[in-house]
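Remarks on the overall topology
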Amino acid sequence: QVQLVESGGGSVQPGGSLRLSCAASGRTFSNNAMGWFHQAPGKEREFVAGISWSGGSTNYGDSVKGRFTISRDNAKNTVYLQMNSLKPEDTAVYYCAASNLRFVLTTTKMYNDWGQGTQVTVSA
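Treat the numbers as computed from the prediction; the structure is a model and nothing was measured. (Residues numbered from 1 in each chain as written. Predicted model: local features only at pLDDT ≥ 70, side-chain atom pairs only at ≥ 80, totals over all residues. Heavy atoms only, no water.)

**Describing the overall build of the chain**
Each helix and strand counted, the chain has zero helices and 11 strands in total. Starting at the N terminus, the α and β elements of the chain follow one another as β-β-β-β-β-β-β-β-β-β-β. The C-alpha radius of gyration of the chain comes to 13 Å, within 12% of the 14 Å expected for a compact globule of 124 residues. Across its three principal axes, the chain shows a C-alpha extent of roughly 40 × 25 × 25 Å. Expressed as a percentage of its 124 residues, the buried residues of the chain come to 43%. (Helix = DSSP H or I, 4+ residues; strand = E, 2+ residues; numbered from the N terminus. Rg over C-alpha atoms; globule rule 2.2 N^0.38 Å. Buried < 20%, exposed > 50% of the residue type's maximum accessible area, 1.4 Å probe, protein only.)

**With respect to the state of the cysteines**
Applying the stated criterion to the full structure yields one disulfide. The partner cysteine of Cys-22 in its disulfide is Cys-96, sulfur to sulfur 2.1 Å. Since a negative S-S torsion denotes a left-handed disulfide, the Cys-22-Cys-96 link at about -80° is left-handed. Taken together, the residues span a long stretch of sequence, with Cys-22 in strand E3 (residues 18–26) and Cys-96 in strand E9 (residues 92–98) at a distance of 74 residues. Neither residue differs from the other here; Cys-22 and Cys-96 are each classed as buried. (Disulfide = S-S within 2.5 Å.)

**As for the nonpolar core**
Core analysis: the largest hydrophobic core is formed by 27 residues, its most contacted members being Met-34, Trp-36, Val-79, Leu-81, Met-83 and Tyr-94. Broken down by secondary-structure element, the contributors of at least two residues to this core are strand E1 (2–7), E3, strand E4 (34–39), strand E5 (46–51), strand E7 (68–73), strand E8 (78–83), E9 and strand E11 (118–122). With sequence-adjacent residues up to four places away left out, Met-83 is seen in contact with Gly-16, Ser-17, Leu-18, Leu-20, Arg-67, Phe-68, Tyr-94 and Val-120. (Core = buried A, V, L, I, M, F, W, Y, C linked by side-chain atoms within 4.5 Å. Contact = heavy atoms within 4.5 Å.)

**What about unusual backbone geometry?**
Of note, the phi angle at Asn-77 is positive, near 55°, even though the residue is not glycine. Considering the arrangement of structural elements, one finds Asn-77 in the loop between E7 and E8. Since its relative accessible area comes to 29%, Asn-77 is described here as partly exposed. One non-glycine residue with positive phi stands out, namely Ser-85, at about 50°. Here Ser-85 lies in the loop between E8 and E9. The class for Ser-85 is partly exposed, based on a relative accessible area of 40%.

**Some details on the packing of aromatic side chains**
Under the criterion given, the structure shown has four aromatic pairs. Ring geometry for Phe-37 and Phe-47: centres 5.6 Å apart, planes at 75°, overall edge-to-face. Taken together, the residues Phe-37 in strand E4 and Phe-47 in strand E5 connect sequence positions 10 residues apart. As far as burial versus exposure is concerned, Phe-37 and Phe-47 are alike and both buried. (Phe/Tyr/Trp six-rings, centres within 6.5 Å; stacked < 30°, edge-to-face > 60°.)

Following this line, the structure appears as structure tokens:
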């Protein structure tokens, strides 16, 4: 099992930027694909970005392509989500997730461990 703790959420104006971090502890972090999801009130949890165990492959949800960047530092057991050009529709709770598999995954059922989430609010 992997324990995940997200940080970096907050409130920002449209067009602004935030950087989320997810610190992992437990089993070997570098063997796991990692992902970010978000969930707005009344909606299902949605894939935002994923990264393979080595960081060599990434994938993004259509709504964030070109604006968000996922990265990882295996030496620090941390995965990041750089969010630029934020829009009001990006407002949600953002969750970090770890998989038992190594390659990029886009569905919630492929992830085994989840953080508690961090709130991101984009408004004027």
